[in-house]
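Analysis of the macromolecular model
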Amino acid sequence: MRTYRYFLLLFWVGQPYPTFSTPLSKRTSGFPAKKRALELSGNSKNELNRSKRSWMWNQFFLLEEYTGSDYQYVGKLHSDQDRGDGSLKYILSGDGAGDLFIINENTGDIQATKRLDREEKPVYILRAQAINRRTGRPVEPESEFIIKIHDINDNEPIFTKDVYTATVPEMSDVGTFVVQVTATDADDPTYGNSAKVVYSILQGQPYFSVESETGIIKTALLNMDRENREQYQVVIQAKDMGGQMGGLSGTTTVNITLTDVNDNPPRFPQSTYQFKTPESSPPGTPIGRIKASDADMGENAEIEYSITEGEGLDMFDVVTDQETQEGVITVKKLLDFEKKKVYTLKVEASNPHVEPRFLYLGPFKDAATVRIMVEDVDEPPVFSKLAYILQIREDAQINTTIGSVTAQDPDAARNPVKYSVDRHTDMDRIFNIDSGNGSIFTSKLLDRETLLWHNITVIATEINNPKQSSRVPLYIKVLDVNDNAPEFAEFYETFVCEKAKADQLIQTLRAVDKDDPYSGHQFSFSLAPEAASGSNFTIQDNKDNTAGILTRKNGYNRHEMSTYFLPVVISDNDYPVQSSTGTVTVRVCACDHHGNMQSCHAEALVHPTGLSTGALIAILLCIVTLLGKLLLPASYLPMLRGTHCYSDTLDLPTSPSKAYSPI
């Protein structure tokens, strides 16, 4: 059987703060004992009779922040085994035992030796035991009990931040969320209202309000305008005890900034602007700046400028300077004081980023009038054309007038102008110009085949102000005249086979001409008149600017004649007709049966002096004939008249192995 014992717990009110006890859960001892009754003594004077339990503990409540001079009484431990004879000893262990909490080992009285703070430690768990003083053996099993520190309102609410920073758009509706502040209270939230915090606004009305339970700050005033006031400082109080009197409180500061919205249109500070610019200003030149003011900031203050009306829509432009938000008026096209002296423009400034909810305030744009006066400047002469193109025949004589250029002073004074040729563009001084009227004439003969185009520059200078001058390009094209004869496209040297047949083509001829007739080249080919009769070859004109050399007989003997010189006349079809004679060299060669040349050397017998046998015989015959004419009587002369010596038909060879013929 298991023996049950009971341990008596006594507690009462200590001065000046009371302690309280409540029943704890029951624990079963491991000691075998008989059933005992537990006597509970203390302030409550209640007596509990329980069975099957050797210990019954109460939960002690001890007020924090005790300020008395004596130790604070907690309670009393008592065992039913204690007969008051001092045989039992009470022992305390656990949280703070021997330091914060001490026990009278004879009586079981427990006291707190120090001031306790619930916020540091709200609960202490201790263990108690009764032992036999003589044997040291426990008469009761060890068991736990709790001392709970009872809270008092000794902590004020503390905000999570000393200073809050928040923003809210200007012109926000009433009740727009701004920021939420939070305060915490270290007191026990489960006991009374010590930790119940309520928020209120001490500074910042009527612009803002705070929800008492959540700490949410909202706007409380309609149409708060950043341009009137941008910064607000709001002071929020957090008070415990549910805000009742006697509660502790803390405060925090909330710095609220109104952010900008586009609720202001741009406005020009004046309705009219006036600028001046010289007529010589090139496109892109800035003339002046205008600026519309906008009370907003950032992108809400960005402005775009445009020209909407006026006489100079195509003459001027306006762009926005992104850094200064100014409208820069620039020249778009070249100005001319003599044509127009004053321009009037309407320039508009508008916001590119518009919030539709503020359109009821009116159009987010403004307009101003800009007058631009063009100033006269002394301008250089202006040519009637940007460039001149003239033409002249290549056979033109010196001092022939080609054409003229014209320039005049565009200013109202109309100063006289003189002309000249830039000699850097006419180094050979082929052309000249009349300084008074701008007529261009030749000073040297021209040749189209040498240079087709002449590119020169003419200068026009004001006589009264030589610093004012201008230039113009002048392109002169030399027109073709048929002054060049056609000629062979290349040097022609060909051959004919000894066994060639009549009308056999041995060479095709082509010609070129430096001239460039409008209708194209049309060449004709023929043998020179002196070679046309008795020639061994003929010319066939193909009527396509080519011609062919044909054989006129069957067979040629290279031993009799190894080379022929064929004069060919080439004529063009232009006016006046130009022609030239070119010579084609034809060699007589031995060929194979396919007509391929094998050898062109004559194999005649050669005299040591360098003359062939045939040539020597011909010479001797001529000598005999001449002597016969001189020595024979006149009656024999008719007999010799049929004998002639054709020395002009014999071309002495330049080498021992060749003989030549002109055709």
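Residues numbered from 1 in each chain as written. Predicted model: local features only at pLDDT ≥ 70, side-chain atom pairs only at ≥ 80, totals over all residues. Heavy atoms only, no water.

The protein appears in an unreviewed UniProt entry as Cadherin 6 from Ursus americanus. In its Function (unreviewed entry) section, UniProt records this for the protein: "Cadherins are calcium-dependent cell adhesion proteins. They preferentially interact with themselves in a homophilic manner in connecting cells; cadherins may thus contribute to the sorting of heterogeneous cell types." For the record of the protein, the UniProt heading Subcellular location (unreviewed entry) holds the text "Cell membrane". (UniProt positions renumbered as here; feature names shortened; annotations may be inferred.)

**Things to note about the overall build of the protein**
Across its full length, the protein holds three helices and 45 strands. Considering the protein as a whole, with its 663 residues, one finds that 41% of them fall into the buried category. Taking the contacts inside the protein whose residues are at least 6 apart along the sequence as the reference set, 69% of them involve residues at least 24 apart. Accessible area of the protein: about 36,300 Å², with a carbon and sulfur share of 51%. (Helix = DSSP H or I, 4+ residues; strand = E, 2+ residues; numbered from the N terminus. Buried < 20%, exposed > 50% of the residue type's maximum accessible area, 1.4 Å probe, protein only. Contact = heavy atoms within 4.5 Å. Areas by Shrake-Rupley, 256 points an atom, 1.4 Å probe, with all protein chains shown as cover.)

**Thoughts on the sheet that holds strand β18 (residues 231-239)**
If you walk across this open sheet you meet the four strands as β12-β19-β18-β15, and the pairing is mixed. Taken across any chain shown, the strands that pair with only one partner, and hence form the sheet edges, are β12 (163-169) and β15 (198-203). Averaged over all neighbouring strand pairs, the angle between strand axes comes to 30 degrees, with direction disregarded. (Pairing = 2+ DSSP bridges. Axes fitted to C-alpha atoms, helices over the stretch in contact; angles between N-to-C directions.)

**Structural notes on the confidence of the model for the protein**
Chain-level statistics for the protein give a pLDDT mean of 82 and a share of 83% at 70 or above. Per-residue pLDDT stays below 50 along residues 603-613; that stretch engages in 13 contacts with residues further than four places along the chain or on separate chains. In this model residues 634-660 is a low-confidence stretch, pLDDT under 50, and it forms 24 contacts with partners more than four residues away in sequence or in other chains. (pLDDT = per-residue confidence, 0-100.)

**Focus on the nonpolar core**
In terms of nonpolar packing, the biggest core is built from 24 residues, with F268, I290, Y305, F316, V370 and I372 touching the most fellow members. Mapped by element, the contributors of at least two residues to this core are β20 (272-278), β21 (286-290), β22 (304-310), β23 (316-321), β24 (326-331), β25 (342-350) and β26 (365-375). For V370, the contacting residues outside a window of four places in its chain are Y273, F275, I290, I329, Y343, T344, L345 and V347. (Core = buried A, V, L, I, M, F, W, Y, C linked by side-chain atoms within 4.5 Å.)

**Remarks on the packing of aromatic side chains**
Counted according to the given criterion, the structure contains 12 aromatic pairs. Plain terms: the ring middles of F208 and Y232 are 5.5 Å apart, the flat faces sit at 80 degrees to each other, and that makes the pair edge-to-face. Of the two residues, F208 is situated in strand β16 (residues 208-210) and Y232 in strand β18; the sequence distance between them amounts to 24 residues. An identical accessibility class is assigned to F208 and Y232; each is buried. Pairing F383 with Y388 gives two aromatic rings, centres 6.4 Å apart and planes at 75 degrees, and the pair type is edge-to-face. Taking the relative accessible area as the measure of exposure, Y388 reaches 4% and is therefore buried. Of the aromatic side chains, those joined through ring pairs into one cluster are Y207, F208 and Y232. The ring of F337 has K341 lying over it, and the distance from NZ or CZ to the ring centre is 4.7 Å. (Phe/Tyr/Trp six-rings, centres within 6.5 Å; stacked < 30°, edge-to-face > 60°. Lys NZ or Arg CZ within 6 Å of the ring centre and 35° of its normal.)

**Things to note about the sheet that holds strand β17 (residues 216-219)**
Taken in spatial order, the three strands make up an open sheet running β13-β17-β16, and their pairing is antiparallel. In the strand order of this sheet, the two ends are held by β13 (177-180) and β16, each with one partner. Averaged over all adjacent pairs, the angle separating strand axes in this sheet is 25 degrees, with direction ignored. Where β13 and β17 come together, three bridges link them in antiparallel fashion. Note on β17: the bridge partner recorded for V179 is I217.

**What about a nonpolar patch on the surface?**
Together, I389, L452, W453 and Y475 line one region of the surface with nonpolar side chains, adding up to about 360 Å² of accessible area. Tracing the sequence through the fold places I389 in strand β28 (residues 388-393). (Patch = residues over 30% accessible without salt bridge, like charges linked within 9 Å, V, L, I, M, F, W, Y side chains within 5 Å. Salt bridge = Lys/Arg side-chain N within 4 Å of Asp/Glu carboxyl O.)

**Section: the state of the cysteines**
Scanning the model with the defined rule gives two disulfides in all. The side chain of C589 participates in a disulfide bridge whose partner is C600; the two sulfur atoms lie 1.6 Å from each other. Here the disulfide of C589 and C600 is right-handed, its torsion about the S-S bond being about 95 degrees. On the criterion of sequence distance, the pair formed by C589 in strand β43 (residues 579-591) and C600 in the loop between β44 (597-599) and α2 (613-631) is long-range, its members being 11 residues apart. There is no split in this pair, since C589 and C600 are both buried. (Disulfide = S-S within 2.5 Å.)

**Examining the pattern of salt bridges**
In the structure shown here, the tally under the stated rule is 20 salt bridges. We note a salt bridge from R357 to E355, for which the minimum N-O separation is 3.4 Å. A relative accessible area of 45% places R357 in the partly exposed class. Among the ionic pairs, R558 bridges to E498, the shortest N-O distance being 3.3 Å. Remark: E498 occurs in the loop between β37 (493-497) and β38 (505-512) and R558 occurs in the loop between β41 (546-551) and β42 (563-571); sequence separation between them is 60 residues. For the residue pair R558 and E498, the accessibility class agrees, reading buried in each case.

**Quick look at the environment of A301**
Relative to the assigned elements, A301 resides in the loop between β21 and β22. The buried category is assigned to A301, whose relative accessible area is 16%. For the pair A301 and D263, spaced 38 residues apart in the sequence, the C-alpha separation amounts to 9.9 Å. The contact partners of A301, leaving out residues within four places of it in the chain, are D294, D296, Q325 and N351.

**Quick notes on the pairing of strand β33 (residues 439-442)**
Across three bridges, strand β29 (residues 401-404) lies against β33 in antiparallel orientation. Across the sheet, the residue bridging to G403 is I440, located in β33. Here strand β32 (residues 431-433) runs beside β33; their pairing, made up of three bridges, is antiparallel. Residue pairing across strands places N432 opposite F441, the latter belonging to β33. Where β32 hands over to β33, the hairpin turn is made up of five residues, of which G438 adopts a positive phi near 80 degrees.

**What about unusual backbone geometry?**
With an omega dihedral of 10 degrees, the bond running from Q205 to P206 counts as a cis peptide bond. With respect to the helices, strands and loops of the structure, P206 is situated in the loop between β15 and β16. The omega angle of the peptide bond from Y575 to P576 is -10 degrees, so this bond is cis rather than trans. Although it is not a glycine, K543 adopts a positive phi angle of roughly 65 degrees. Counting through the fold element by element, K543 comes out in the loop between β40 (537-541) and β41.

**Description of the environment of D85**
You can see D85 is positioned in the loop between β5 (72-79) and β6 (88-94). Remark: the alpha-carbon pair of D85 and N106, spanning 21 residues in sequence, is separated by 9.5 Å. Within the structure, the side chain of D85 is placed 2.8 Å from the side chain of S87, a separation counted as a polar contact. (Polar contact = N/O pair within 3.5 Å; in protein donor to acceptor, adjacent residues only side chain to side chain.)

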